[in-house]
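Structural features, examined
In case you want the letters, here they are:
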Amino acid sequence: DRVFIHPIPQFMDNVAYLIVCCPPRKLSGGVTGLSPTGHESVDNGYETPVIGVLVDCGEANVILGYLECIYEQYYSLYPRSNAFVTPSTRMGIALHSILC
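So, the state of the cysteines
One pass over the full model with this rule turns up zero disulfides. Unpaired in this structure, cysteine 22 has its nearest cysteine sulfur neighbour in cysteine 21, at a distance of 6.8 Å.

Structural data, given as structure tokens:
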């Protein structure tokens, strides 16, 4: 119950898929994560970020926008990955691989 698939529309007649794997909750207490701005501490009970695999992604810029929306909507209680979208904002979902 920790793996989810999100279809992402792209072009006019194609769909990419984001396969997401959520980490298990830490057994002993919460951990300190960073807010989307990277400044505030959040005790969320998770140790690692959400891991994602993109399948059949043709429009990279569109897909990255959807990734952030999907993270904010469904996975914001998990810590952000270490990759940066901008110098002050880290990506929500850690992309493990991209399969085109």
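The discussion continues.
With respect to the packing of aromatic side chains
Inspection of every chain in the model, using the stated rule, returns three aromatic pairs. Between phenylalanine 4 and tyrosine 75, the aromatic rings sit 6.3 Å apart at their centres with planes inclined by 50 degrees, giving tilted as the arrangement. Residue phenylalanine 4 is found in strand S1 (residues 3-10), and its partner tyrosine 75 is found in the loop between helix H1 (60-74) and strand S6 (84-86); the two are separated by 71 residues along the sequence. On the accessibility criterion, tyrosine 75 (4% relative accessible area) is buried. Ring geometry for tyrosine 74 and tyrosine 75: centres 6.2 Å apart, planes at 55 degrees, overall tilted. When its relative accessible area of 52% is taken as the criterion, tyrosine 74 is described as exposed. Grouped by ring-pair contacts, the aromatic residues Phe4, Tyr74, Tyr75 and Tyr78 constitute a single cluster.

Let's talk about a nonpolar patch on the surface
Taken together, Val3, Ile5, Val15, Tyr17 and Ile19 make up a surface patch of nonpolar side chains, about 430 Å² in accessible area. Mapped by element, the contributors of at least two residues to the nonpolar patch are S1 and strand S2 (14-21). Residue contributions to the nonpolar patch peak at three residues, all from S2. Relative to the helices and strands, isoleucine 5 is located in strand S1. On the basis of relative accessible area, isoleucine 5 is assigned to the exposed category, the value being 58%.

Focus on the sheet that holds S1
In space, the four strands of this open sheet follow the order S1-S2-S5-S8, with mixed pairing throughout. Each end of this open sheet is capped by a strand with a single partner; those strands are S1 and strand S8 (93-99). Going from strand to strand, the sheet's axes swing by 25 degrees on average, the running direction of each strand aside.

Parameters at a glance
- Residues numbered from 1 in each chain as written.
- Predicted model: local features only at pLDDT ≥ 70, side-chain atom pairs only at ≥ 80, totals over all residues.
- Heavy atoms only, no water.
- Disulfide = S-S within 2.5 Å.
- Phe/Tyr/Trp six-rings, centres within 6.5 Å; stacked < 30°, edge-to-face > 60°.
- Helix = DSSP H or I, 4+ residues; strand = E, 2+ residues; numbered from the N terminus.
- Buried < 20%, exposed > 50% of the residue type's maximum accessible area, 1.4 Å probe, protein only.
- Patch = residues over 30% accessible without salt bridge, like charges linked within 9 Å, V, L, I, M, F, W, Y side chains within 5 Å.
- Areas by Shrake-Rupley, 256 points an atom, 1.4 Å probe, with all protein chains shown as cover.
- Salt bridge = Lys/Arg side-chain N within 4 Å of Asp/Glu carboxyl O.
- Pairing = 2+ DSSP bridges.
- Axes fitted to C-alpha atoms, helices over the stretch in contact; angles between N-to-C directions.

By themselves, these figures tell us nothing about what the structure is for.
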